[in-house]
Amino acid sequence: DFDLKISPSFSILSIFALGKTVIKKEPGEWFSDANLIKIFCHIQYNFRILQDFEFFNFSEGFIDERIILQRCFSLSNDNGYNLNMIKRKERDYYYTKNGLLFVSVRIGLKEISENYIANKSIEKIFNITNNIGIIGGKTNKAFYFIGTCDKGLIYLDPHLNQEAIKDRSKLMINTNFDTYKVNNVYALDVKNMSPCFTIGFLFKSFDEYERLIKDFEVYEKETGVNKIFSFQKYD
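Since the model is a prediction, treat every value here as computed from it, not as a measurement.

Undergrad: Is there a simple way to think about the sheet that holds strand β6 (residues 98-106) in this case?
TA: Picture the strands of a sheet paired through backbone hydrogen bonds; they go either parallel or antiparallel. Sheet architecture is open: seven strands sit in the order β1-β6-β11-β7-β8-β9-β10, paired in mixed fashion. Two strands lie at the open edges of the sheet, namely β1 (53-58) and β10 (186-188), each paired on one side alone. The sheet shows a mean angle of 30 degrees between the axes of neighbouring strands, taken without regard to direction. Relative to strand β8 (residues 141-149), strand β7 (residues 131-138) runs antiparallel, the two being bridged by five bridges. The residue of β8 that forms the bridge with G137 is A142.

Undergrad: Just checking my understanding: could you explain the sheet that holds strand β3 (residues 73-75) for this structure?
TA: In spatial order, the strands read β3-β5-β4; together these three strands make up an open sheet with antiparallel pairing. Edge positions in the sheet fall to β3 and β4 (85-88), since each of these pairs with one other strand and no more. Taking the axes of each pair of neighbouring strands and ignoring which way they run, one obtains an average angle of 35 degrees across the sheet. Where β3 lies against strand β5 (residues 91-95), three bridges are found, and the strand directions are antiparallel. The partner of L75 across the bridge, within β5, is Y93. The strands touched by helix α3 (residues 65-72) within the sheet are β3, β4 and β5, with β3 carrying the most contacts at an inclination of about 80 degrees. Across the sheet, helix α6 (residues 206-223) lies against β3, β4 and β5, angled at about 40 degrees from β4, the strand it touches most.

Parameters and conventions
- Residues numbered from 1 in each chain as written.
- Predicted model: local features only at pLDDT ≥ 70, side-chain atom pairs only at ≥ 80, totals over all residues.
- Heavy atoms only, no water.
- Pairing = 2+ DSSP bridges.
- Helix = DSSP H or I, 4+ residues; strand = E, 2+ residues; numbered from the N terminus.
- Axes fitted to C-alpha atoms, helices over the stretch in contact; angles between N-to-C directions.
- Contact = heavy atoms within 4.5 Å.

Here you go:
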């Protein structure tokens, strides 16, 4: 049975506790992006921290719309028109929940294959409106990639320890708010990036979901056989 009494649920302590039970890793061992996504999805599934959200963990770069429809939409026998409705397989699906999609990929053995670099397949992910970045990095270093620049991918390095605030009263009188801000951003040449990483996409409304699908289609047309991921529409 799942039993985790640590709060807040997405804390480092929660991640370590689940690391031992879900992926059989101890604190201090390497947690890959795919490991962390598995843990995040376990936390959300068991505690429903974000009540109006469903988390999805898609592996091998394949997004199956059938799974999204099952969890973020509901079927209806009503043939009336609804603004938050899409038709699939001659059936009406009505939007009911928001979604957070995690798509884990591997596009090389020890380094990224040249075709993906030449085609800028990674950079073009950031043209998708509702992307929320990439978690990945390079050998034994984890980064959060948030955009592109002339030098490659813009990233944040989360590995900076801060003094913990242990109760709400100290939080209210704390004036050192700069510790909650990012002071530095960095750039990494795509060639130096690990070939294993996870992409995030978010939709918080029916309109955002429709826009995301259209952006997926544009991305696949622009990248062709060198696309990083694929979206299987349920038609």
